[in-house]
Amino acid sequence: VQQAMTADFVSNDISSFRDNLLRKGWAVLSADIVKNEPVQVLEQFGVLAPQYNGKLSFEVTYQPGYDDAPYSQSMNGLGAHTEAPGYEPPPKYLALHCHRQARCGKGHTLLADAIRFFDMALEPELRDWANSNSIDFHAAAKPGSLDSLLLRAPIRAEHNGEPMVRFSYNLFRYGNVNASAAEMANAAAEPTDALGRIAEAGEAFFVANTIPVLVPDGCLLLWNNHRLLHGRGQYSDPARHLTRYWLA
Ligand SMILES: [Fe+2]
């Protein structure tokens, strides 16, 4: 069933992969073309950039210690966000190379159009607020970590003449891109501030417009991080394993 559902969005050559990426903002390349060498593919689309851990790759797989946090190395669902909103600029593209997809059938990568959310769906009062206020993008390297980054930037900007959105449900609601359970417990149940309301509006848009992608084993998912929100569905197979890359 999984193969039947996924076959229609997997590109079997680089040119259709590139076409899909430019047209939809995301694309999946087949395992036959990736040949377990995702870096060789990615170098055709940008320059690999160091991540929160200072390295050019990051293992997205279950690690104990984050069971109560919405973090990539937990099995929890992840709310709507763009990657590394506290970087200037954030990575243009994000990639996930799938070694082993969750056998529980869940753990989808979720994608939605961030530009359509901000420019069309967000209520004008909140859009006006966002256009006249910069946000402190505060990001711990991982939940509870003391080393953190801070960048003041607007939610909606342009980069090299193209639209770019920075969004983090965790930051807008809990004050940290990689929020800890303690930071989450301190947040109001129902936000009344503009930033908290933008978080809830973004998450509601994300749920209503999400494209769920279950990357098949060996395949490579690439998407435009300036243009799309992403998140993850909760899963229960601790052997799920993908490698994440950022492209400048
Ligand atoms: Fe992410």
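Definitions and limits used
- Residues numbered from 1 in each chain as written.
- Predicted model: local features only at pLDDT ≥ 70, side-chain atom pairs only at ≥ 80, totals over all residues.
- Heavy atoms only, no water.
- Helix = DSSP H or I, 4+ residues; strand = E, 2+ residues; numbered from the N terminus.
- Buried < 20%, exposed > 50% of the residue type's maximum accessible area, 1.4 Å probe, protein only.
- Contact = heavy atoms within 4.5 Å.
- Salt bridge = Lys/Arg side-chain N within 4 Å of Asp/Glu carboxyl O.
- Axes fitted to C-alpha atoms, helices over the stretch in contact; angles between N-to-C directions.
- Parallel < 35°, antiparallel > 145°, perpendicular 65-115°, else oblique.
- Nonpolar A, V, L, I, M, F, W, Y, C, P; charged D, E, K, R; others polar.
- Donors = N, O, S within 2.8 Å, 3.2 Å for Na, K, Ca; no water.
- Core = buried A, V, L, I, M, F, W, Y, C linked by side-chain atoms within 4.5 Å.
- Pairing = 2+ DSSP bridges.
- Phe/Tyr/Trp six-rings, centres within 6.5 Å; stacked < 30°, edge-to-face > 60°.
- Lys NZ or Arg CZ within 6 Å of the ring centre and 35° of its normal.
- Arc of directions from axis to C-beta.

We now examine the overall build of the protein chain. Each helix and strand in the protein chain was counted, giving 9 helices and 15 strands. In terms of principal-axis extent, the alpha carbons of the protein chain reach across some 50 × 40 × 35 Å. The burial tally for the protein chain puts 51% of its 248 residues in the buried class. For the protein chain, the share of sequence-separated contacts (at least 6 apart) that also reach a separation of at least 24 residues comes to 76%.

A word on the pattern of salt bridges. This structure, assessed with the given rule, holds 11 salt bridges. For glutamate 123, the salt bridge identified is with arginine 197, shortest N-O distance 3.7 Å. Placement of the pair is glutamate 123 in the loop between α5 (114-121) and α6 (124-132) and arginine 197 in helix α9 (residues 194-209), with a sequence separation of 74 residues. Beyond isolated ion pairs, a larger network of salt bridges with shared partners links Asp119, Arg156 and Glu158.

Packing of α5 against α6 brings their axes to within 9 Å, and their N-to-C directions diverge by 110 degrees. One finds that α5 runs roughly perpendicular with respect to α6. Along its contact with α5, which presents Phe118, Asp119, Met120 and Ala121, the element α6 presents Arg127, Ala130 and Asn131. Classifying every residue of the contact of α5 with α6 gives 4 nonpolar, 1 polar and 2 charged.

On to the coordination of the iron ion. Each protein donor to the iron ion is listed here as His81 (NE2), Glu83 (OE) and His230 (NE2); together their distances run 2.1 to 2.2 Å. Along the chain, the residues donating to the iron ion fall in the pattern H-x1-E-x146-H. Here glutamate 83, found in the loop between β5 (78-81) and β6 (93-100), pairs with histidine 230, found in strand β14 (residues 228-232); they are 147 residues apart in sequence, far enough to count as distant. For histidine 230, a relative accessible area of 6% corresponds to the buried category.

This part is about the nonpolar core. With 31 residues, the main nonpolar core has Phe118, Ile135, Ile155, Val165, Phe167, Phe172 and Ile198 as its most contacted residues. Every element with two or more residues in this core is listed here: β7 (109-113), α5, α6, β8 (135-140), β9 (148-153), α7 (169-174) and α9. In this view, valine 165 contacts Thr82, Ala114, Ile115, Phe118, Ile155, Arg156, Asn225 and His226; residues no more than four positions away in its chain are not counted. Core analysis: the next-biggest nonpolar cluster, separate from the first, contains 23 residues, Phe58, Leu96, Cys98 and Leu242 among them.

Here we take up the pairing of β6. The buried fraction of β6 amounts to 6 of the 8 residues, a majority that puts the element mostly inside the structure. Bridge count for β6 against strand β13 (residues 220-224) is 5 bridges, and the pairing is antiparallel. Paired with leucine 96 across the strands is leucine 221, a residue of β13. Pairing analysis gives 7 bridges linking β6 to strand β15 (residues 241-247), with the strands arranged antiparallel. Pairing of histidine 97 across the sheet is with threonine 243, part of β15.

The next thing to look at is the pairing of strand β11 (residues 162-165). By the bridge criterion, 4 bridges tie strand β10 (residues 156-159) to β11 in an arrangement that is antiparallel. Paired with glutamate 158 across the strands is proline 163, a residue of β11. Connecting β10 to the next strand, β11, in antiparallel fashion are 2 residues, including asparagine 160 with a positive phi near 50 degrees.

Below, the discussion takes up the packing of aromatic side chains. Within the structure shown, the criterion is met by 11 aromatic pairs. Centroid distance phenylalanine 17 to phenylalanine 45: 5.5 Å. Interplanar angle 90 degrees. Geometry classified as edge-to-face. Of the two residues, phenylalanine 17 sits in helix α2 (residues 14-24) while phenylalanine 45 sits in the loop between α4 (38-42) and β3 (48-49), which places them 28 residues apart along the sequence. Joined through ring pairs, the aromatic side chains of Phe117, Phe137, Phe167, Phe172 and Phe205 make up one cluster. Looking at lysine 24, its charged tip hangs above the ring of tryptophan 26, at a distance of 3.8 Å from the centre.

Let us now look at α2. Here α2 has its buried residues at Phe17, Asn20 and Leu21. Buried residues of α2 fall within an arc of 100 degrees about the axis and therefore sit on the same side. Looking at α2, the residues exposed on the side facing more than 90 degrees away from the buried face are Leu22 and Arg23. Against the buried residues of α2 lie β1 (10-11), β2 (26-29), α4, β6 and β13. Glycine 25 sits one or two positions beyond α2 and adopts a positive phi of about 90 degrees.

Any functional reading would require information beyond the geometric quantities listed.
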